[in-house]
Each structure stands twice: as C-alpha cells, then as structure tokens.
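# Overview (structure and organization)
Here's the letter readout for the chains.
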Amino acid sequence: MGGLINGANVSSQLLTMLTTDADGYTWVAATTGAQNAASYQLASGSAVMAIGGFNGSDPSPTLEQFQAYVAAGRIHYFIGGGNFGGQNGGSRAASEIASWVQQNYTATTVGNTTVYDLTAAK
C-alpha cells in the first residue's frame, strides 16, 4: 500500500514498526502533509499526524504543541521527507518541527524512509 496521489510507499519493515505497540500512542507517527500521512495511516490502520495539514503549509501544530505531544508520549515516530521550510508549500512550523526532531533524535533508515523514534532522545 502506498504511493497514493504522491503519497509515500510503505515498506513491510516500516509497516511492522508502525503497527508494533500502536495502541499505546495517539499517533503511531507524524509526517508532513496529509498525502504522506494518509499512506502510512491506510497501510497501518492507525492514526498518523499530518503536520501542516493537506500539503504541509498550515502552521499546525506549532513546534511547542508538537514538543508537548512528544513529551506526553503521544507520538511514536517522526517520518522524514515531505515539504519543509516553505519548499513546495511546506510551512515554517513543519520546518521547525523537522529541525527539532533531527537535532534531538537519531535517524534510522527503513527501506528508503528516514524514521526517528520519538521515545528515544539522543
């Protein structure tokens, strides 16, 4: 499953990660834009946060809101990629969130996808 209208392709390894202990999180992952989020959500059957709304351009959630969700253990993974920093419609909030995640969590490559475990800070 994946590749939905420019959405992400979800590898079997990433799908296993997303579905393991999924019930313990409000969102199994967060990623920029609804098209990417939809691919992961449809493949896993679990909620995935679409940072920045449909195309990543909305300023929601803010960095502070995202940090609070992470601190509360509500989001398991951050999936890299998408539209950051105003590029191709990405919002400043999405860029700030991506930068914060990159600075505070270790990147792991799963297939062709960069994933950060938000439960394991550097």
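The structure we're discussing is the one just above.
Now for a description of the structure that goes with this document.

How each quantity is defined
- Residues numbered from 1 in each chain as written.
- Predicted model: local features only at pLDDT ≥ 70, side-chain atom pairs only at ≥ 80, totals over all residues.
- Heavy atoms only, no water.
- Axes fitted to C-alpha atoms, helices over the stretch in contact; angles between N-to-C directions.
- Helix = DSSP H or I, 4+ residues; strand = E, 2+ residues; numbered from the N terminus.
- Parallel < 35°, antiparallel > 145°, perpendicular 65-115°, else oblique.
- Contact = heavy atoms within 4.5 Å.
- Nonpolar A, V, L, I, M, F, W, Y, C, P; charged D, E, K, R; others polar.
- Core = buried A, V, L, I, M, F, W, Y, C linked by side-chain atoms within 4.5 Å.
- Buried < 20%, exposed > 50% of the residue type's maximum accessible area, 1.4 Å probe, protein only.
- Expected span 1.5 Å × (residues − 1).
- Arc of directions from axis to C-beta.
- Left-handed = near helix turned anticlockwise from the far one by under 90°.
- Salt bridge = Lys/Arg side-chain N within 4 Å of Asp/Glu carboxyl O.

### Describing the packing of helix H1 (residues 12-19) against helix H2 (residues 34-44)
Viewed as axis vectors pointing N to C, H1 and H2 meet at an angle of 75°, and their least axial separation amounts to 10 Å. Judged on the interaxial angle alone, H2 and H1 are roughly perpendicular. Residue-level contacts link Leu14, Leu15, Leu18 and Thr19 of H1 to Tyr40, Ala43 and Ser44 of H2. Here the contact of H1 with H2 is composed, by residue class, of five nonpolar, two polar and no charged.

### Observations concerning the nonpolar core
Counting 17 residues, the largest nonpolar core has Ile51, Phe66, Ile75, Phe78, Val101 and Leu118 as its most contacted members. Contributing elements (two or more residues each) for this core: strand S1 (27-32), strand S2 (48-51), helix H3 (63-71), strand S3 (75-79), helix H4 (92-104) and strand S5 (113-121). The element best represented in this core is H4, accounting for five residues. If you look at the next biggest cluster of nonpolar residues, it comprises 13 residues, including Leu14, Tyr40, Tyr77 and Val115.

### Notes on H4
In a regular helix each residue adds 1.5 Å, so 13 residues correspond to 18 Å; H4 covers 18 Å between its end C-alpha atoms and thus fits that length. Taken as a whole, H4 has its buried residues at Ala93, Ala94, Ile97, Ala98, Trp100 and Val101. Down the axis of H4, the buried side of the element spans an arc of 165°, and every buried residue falls inside it. Along H4, exposed side chains directed more than 90 degrees from the buried face belong to Arg92 and Gln103. Considering only its buried residues, H4 is in contact with S1, S2, H3, S3, strand S4 (105-110) and S5.

### A few points about the packing of H3 against H4
Helix packing geometry: the angle between the two helix axes and the distance between the axes. The geometry of H3 relative to H4 is characterised by a closest axis approach of 9 Å and an angle of 40° between their N-to-C directions. Judged on the interaxial angle alone, H4 and H3 are oblique. Pair H3 / H4 crosses with right-handed handedness. Within the contact between the two elements, H3 uses Leu63, Phe66, Gln67 and Val70 and H4 uses Glu96, Ile97, Trp100 and Val101. Considered class by class, the residues forming the contact of H3 with H4 number six nonpolar, one polar and one charged.

### Side note on the pattern of salt bridges
Within the structure shown, the criterion is met by one salt bridge. Note that Arg92 and Glu96 form a salt bridge whose closest N and O atoms lie 3.2 Å from each other. Of this pair, Arg92 and Glu96 both sit in helix H4, four residues apart, which is roughly one turn of the helix. Taking the relative accessible area as the measure of exposure, Glu96 reaches 32% and is therefore partly exposed.

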